[in-house]
Amino acid sequence: MTIVQSPTAALEGLLLPKLDHVDLVTVKLQFVAPFGTSVYTWTHKEAMLMRLESDGVTAWSECVSDPDPFYFYETNGTARHIIKDFLLPLVEPGIALGELEERFRHVRGHGMAKATVENGLLILIALQKGQPLHELMGRPAKRIMSGISIGLKESPAELLAAVEHAVAKKYGRVKMKVKKGQDVEWVRAVREHFPDLRLMVDANGDYSLSDTALLKRLDDFGLMMIEQPLSYSDIYEHSILQKEMRTAICLDESIHGLADVATAVALGACRIINIKQGRVGGLMESMRIAAYCAGRGIDAWSGGMDETGIGRAVNLHLQTAAGFTLPGDTSETSNYFDEDIADPPVILAPDGSIDIPGGPGLGVRVVADRILKRAIGWERLC
Ligand code: OSB
Ligand code: MG
């Protein structure tokens, strides 16, 4: 029998530094193009950032919630409330990170709020130790596979142009959003032009089991997967649909932690998991989920929430962990913003891969005047 070491054992033992200041800073950045999904079209990124200061060292983390609850129940407003009134009071210098997770479990849900605090502390500790975050996680640097998520477009021609651009950049795979009435024929158009493309679709929960016959038509296109075809809160009906479809189902919205993954795998509800570190409560739960999937033949990849350079760097470091077997939603900064708040921007290598930014912590530098230029709120919590 082999004893499998928990992938987060070393992190759980880290001791929390004292915090001199904690601030929540909300920035608003315009997207280079509106991002359309079956649930909403976002034109801006409104990101709530957390700034932690300890003995002259400053760490930044990013809450991946939106100002609205259209993708997920948490919002920047609820995350602020939960962080301020329930999570931050549990952060005590000298306790271990594992003990903090234990304390956080008392607060039900609100993974995005929890991730903001936990990731911020991990980044701060990495900076204090002078280590890159992936090294603190016990993982060697590696080149990360890129992937792009293309929003709903006004016309098939516009969609084809976006896919063409992604293919030219050598993205590791292309995801296109679908919704009712904008699915089979749009996928067919892309497939006809790009027969060998690693292609997948994301429905953000737009369908129900009564659409099974329609969804089965997607089996003809050799898709890598269909992401969250059914309701954002469902696992069981996905298990019925997966038995009907050849295409692998990937769950996104339904997965709030390792327990949901265990349920989904036991039911056969999916063959692939989208791990969004924010949605599942942070880097440590993400590492556990990826390791769990790896042990069960389930593929996993890192999802994205159109993050700024801070959250994007977190996702890059996360993908060094064991079990991230497929390209994620990690695309170039220029796909989202003309100018990000952090440097350097994410740029694809000629082979379409992404290098992890080097240096301590996240390896990216948060540029103060870019923050100030885009800040729409600044609250000092302590
Ligand atoms: O469903 O994966 C999703 C963005 C915001 C909310 C939900 C989703 C997405 C994406 C974009 O697909 C991922 C990215 O490019 O960061
Ligand atoms: Mg999704």
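Residues numbered from 1 in each chain as written. Chains lettered and ligands numbered in written order. Predicted model: local features only at pLDDT ≥ 70, side-chain atom pairs only at ≥ 80, totals over all residues. Heavy atoms only, no water.

Participant: Can you tell me about the overall build of the protein chain, naming the residues and giving the values?
Facilitator: Along the backbone of the protein chain there are 13 helices and 15 strands. Relative to a compact globule of 382 residues, whose C-alpha radius of gyration would be 21 Å, the protein chain shows 20 Å and is just as compact. Overall, the C-alpha framework of the protein chain stretches about 60 × 50 × 35 Å when taken along its three principal axes. Here the analysis covers contacts within the protein chain between residues at least 6 apart in sequence; of these, 73% occur between residues at least 24 apart. (Helix = DSSP H or I, 4+ residues; strand = E, 2+ residues; numbered from the N terminus. Rg over C-alpha atoms; globule rule 2.2 N^0.38 Å. Contact = heavy atoms within 4.5 Å.)

Participant: Could you give an account of the sheet that holds strand β6 (residues 174-177), with specific residues and numbers?
Facilitator: The strand order β5-β6-β7-β8-β9-β10-β11 describes an open sheet built from seven strands, whose pairing is parallel. Strand pairing shows two members of the sheet lacking a second neighbour, β5 (148-150) and β11 (299-302), which therefore form its edges. (Pairing = 2+ DSSP bridges.)

Participant: Summarise unusual backbone geometry; cite the residues concerned and give the values.
Facilitator: In terms of backbone geometry, most residues other than glycine have negative phi values and most peptide bonds are trans. In this structure, the amide linkage connecting Asp-343 to the following residue, Pro-344, adopts the cis form with an omega of -5 degrees. When you line up the elements, Pro-344 lands in the loop between β12 (342-343) and β13 (353-354). The residue Asn-204 is not glycine, and still its phi comes out positive at about 45 degrees. With respect to the helices and strands, Asn-204 occurs in the loop between β7 (199-202) and α8 (212-216). The buried category is assigned to Asn-204, whose relative accessible area is 6%. Unusually for a residue other than glycine, Asp-306 sits at a positive phi of about 50 degrees. Structurally, the position occupied by Asp-306 is in the loop between β11 and α12 (309-318). (Buried < 20%, exposed > 50% of the residue type's maximum accessible area, 1.4 Å probe, protein only.)

Participant: Could you give me a rundown of empty space enclosed by the protein, with the residues and numbers involved?
Facilitator: The final tally for this structure, using the stated rule, is one cavity of 30 Å³ or more. Residue lining of the largest cavity: Ile-150, Gly-151, Leu-152, Lys-153, Leu-159, Met-176, Lys-177, Gln-182 and Trp-186, and that is the complete set. Grouping the constituent residues of the lining of the largest cavity by class yields five nonpolar, two polar and two charged. (1 Å grid on protein atoms, 1.4 Å probe; cavity = no way out; pocket = protein on both sides within 12 Å on 5 of 7 lines; lining within 4 Å. Points joined across faces, edges and corners; volume = space filled by probe spheres on them. Nonpolar A, V, L, I, M, F, W, Y, C, P; charged D, E, K, R; others polar.)

Participant: Kindly report on the nonpolar core, identifying the contributing residues and their values.
Facilitator: If you look at the biggest cluster of nonpolar residues, it comprises 112 residues, and the most contacted ones within it are Leu-122, Met-176, Val-187, Val-190 and Ile-273. The element that contributes the greatest number of residues to this core is helix α4 (residues 111-129), accounting for nine residues. Beyond its immediate sequence surroundings of up to four residues, Leu-122 is in contact with Leu-11, Leu-14, Leu-97, Leu-133, Leu-136, Leu-283 and Met-284. Within the second largest apolar cluster, eight residues are counted, among which are Met-200, Met-225, Ala-248 and Leu-326. (Core = buried A, V, L, I, M, F, W, Y, C linked by side-chain atoms within 4.5 Å.)

Participant: Can you lay out the coordination of the magnesium ion (ligand 2) for me, pointing to particular residues and giving the numbers?
Facilitator: Those protein atoms acting as donors to the magnesium ion (ligand 2) are Asp-202 (OD), Glu-227 (OE) and Asp-252 (OD), and they sit at 2.1 to 2.3 Å. All donors of the magnesium ion (ligand 2) come from a single chain, and their spacing in sequence reads D-x24-E-x24-D. Note that Asp-202 is positioned in strand β7 and Asp-252 in the loop between β9 (249-251) and α10 (258-267), a separation of 50 residues in sequence. Judged by its relative accessible area of 1%, Asp-252 falls in the buried class. (Donors = N, O, S within 2.8 Å, 3.2 Å for Na, K, Ca; no water.)

Participant: Explain α4 residue by residue, including any values.
Facilitator: In this model α4 runs 26 Å from its N-terminal to its C-terminal C-alpha over 19 residues, within 8% of the 27 Å that 1.5 Å per residue would give. The buried count for α4 comes to 16 of 19 residues, which makes it a mostly enclosed element. (Expected span 1.5 Å × (residues − 1).)

Participant: Got a sec to walk through the layout of surface pockets? Specific residues and values, please.
Facilitator: What the largest pocket holds in volume is close to 630 Å³. Phe-35, Ser-149, Ile-150, Gly-151 and Asn-335 are, among the 38 residues lining the largest pocket, the residues nearest its centre. The set of elements that each furnish at least two residues to the lining of the largest pocket consists of β1 (21-36), β2 (41-54), β5, α6 (156-169) and β6. Ranked by the residues each element gives to the lining of the largest pocket, the list is headed by β1, at five residues. Considering only residue class, the lining of the largest pocket consists of 14 nonpolar, eleven polar and 13 charged. Size it by volume and the second largest pocket reaches roughly 350 Å³. Lys-114, His-256, Val-280, Gly-281 and Glu-285 are, among the 19 residues lining the second largest pocket, the residues nearest its centre. For the lining of the second largest pocket, the secondary-structure elements that each account for two or more residues are α3 (97-105), α4 and α11 (283-294).

Participant: Help me get a handle on the pattern of salt bridges, residues and values and all.
Facilitator: Taken as a whole and judged by the stated rule, the model has 33 salt bridges. Across the pair Glu-99 and Arg-103 runs a salt bridge, and its minimum N-O distance is 2.8 Å. Here Arg-103 and Glu-99 lie together in helix α3, a separation of four residues that amounts to about one turn. The class of Arg-103 is partly exposed, set by a relative accessible area of 23%. For Arg-143, the salt bridge identified is with Asp-351, shortest N-O distance 3.6 Å. Residue Arg-143 is located in the loop between α5 (133-136) and β4 (144-145), and its partner Asp-351 is located in the loop between β12 and β13; the two are separated by 208 residues in the primary sequence. You can call Arg-143 partly exposed: its relative accessible area is 45%. According to the relative accessible area criterion, Asp-351 is partly exposed, its value standing at 46%. Salt bridges here are not isolated pairs; linked through shared partners, they connect Arg-173, Lys-175, Lys-177, Asp-202, Glu-227 and Asp-329. (Salt bridge = Lys/Arg side-chain N within 4 Å of Asp/Glu carboxyl O.)

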